[in-house]
Amino acid sequence: MPQENLFQLVPSSQTRSYNGDSTLQYSDLRTLGRVPEKSCPRREVPRSPQAPVNWRQGKLLGRGAFGEVYLCYDADTGRELAAKQVPFDPDCQETSKEVNALECEVQLLKNLHHERIVQYYGSSRDLEKRKLTIFVEFMPGVPTS
Ligand SMILES: Nc1ncnc2c1ncn2[C@@H]1O[C@H](COP(=O)(O)OP(=O)(O)OP(=O)(O)O)[C@@H](O)[C@H]1O
């Protein structure tokens, strides 16, 4: 199958990325002496990972309790990620609160950098499609479900 049929381009104007930064980084913890220098070998992860802006949706990787996970191609960096899509009702105050809480959680998880922890890159809310997309490191060996 030609490469262009594998991904669907998601224009950045449709999505609202939540890339706000919290200030405490792994390296800050190291400086503070909370993490031993040798306990965490560093990976090639940007200091402050960002959710992709222009990205293409690829094949379905699996389904979980809260939504579907798709392969995602970041058109700006050429990187492959996994995009977890959680449907929500933007007109419902209750679910909007839950989505806010999820976004905050992703913001915290973005600051965890460890080779044994899947890297979070951020999230974006699409009100039109009524979905919150959470971007995480793509783990090629994970069996599809
Ligand atoms: N980072 C990833 N890289 C590759 N595939 C993934 C990744 N994350 C999830 N998947 C695939 O998507 C499926 C669903 O994942 P998801 O995290 O939504 O659900 P889960 O692991 O069952 O946990 P839960 O539903 O409790 O959140 C997984 O079983 C896996 O096949």
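Residues numbered from 1 in each chain as written. Predicted model: local features only at pLDDT ≥ 70, side-chain atom pairs only at ≥ 80, totals over all residues. Heavy atoms only, no water.

- The protein is annotated in an unreviewed UniProt entry as Protein kinase domain-containing protein from Oncorhynchus tshawytscha.

A short note on the overall build of the protein
- If you tally the helices and strands in the protein, you get 2 helices and 7 strands.
- Ordering the α and β elements of the protein from the N terminus gives β-β-α-β-β-β-α-β-β.
- Within the span of the protein, comprising 145 residues, buried residues form 33% of the whole.
- Long-range contacts, defined as pairs at least 24 residues apart, comprise 57% of the intrachain contacts of the protein with a sequence gap of at least 6.
- When the accessible surface of the protein is split by element, carbon and sulfur atoms take 54% of a total near 9000 Å². (Helix = DSSP H or I, 4+ residues; strand = E, 2+ residues; numbered from the N terminus. Buried < 20%, exposed > 50% of the residue type's maximum accessible area, 1.4 Å probe, protein only. Contact = heavy atoms within 4.5 Å. Areas by Shrake-Rupley, 256 points an atom, 1.4 Å probe, with all protein chains shown as cover.)

Considerations on the nonpolar core
- By size, the foremost hydrophobic cluster in this structure holds 10 residues: Leu-61, Leu-71, Ala-82, Val-86, Phe-88, Val-99, Val-106, Leu-132, Ile-134 and Val-136.
- With 3 residues, the single largest contributor to this core is strand β7 (residues 131–137).
- Counting residues in each nonpolar core, the second largest holds 7 residues, with Ala-51, Cys-72, Leu-81 and Tyr-121 among its members. (Core = buried A, V, L, I, M, F, W, Y, C linked by side-chain atoms within 4.5 Å.)

Some remarks on the environment of Lys-84
- With respect to the element layout, Lys-84 can be found in strand β5 (residues 80–87).
- In this structure, the C-alpha to C-alpha distance between Lys-84 and Ile-134, residues 50 residues apart in sequence, is 5.0 Å.
- What Lys-84 contacts, discounting residues up to four positions off in sequence, is Glu-68, Val-69, Leu-132, Thr-133 and Ile-134.

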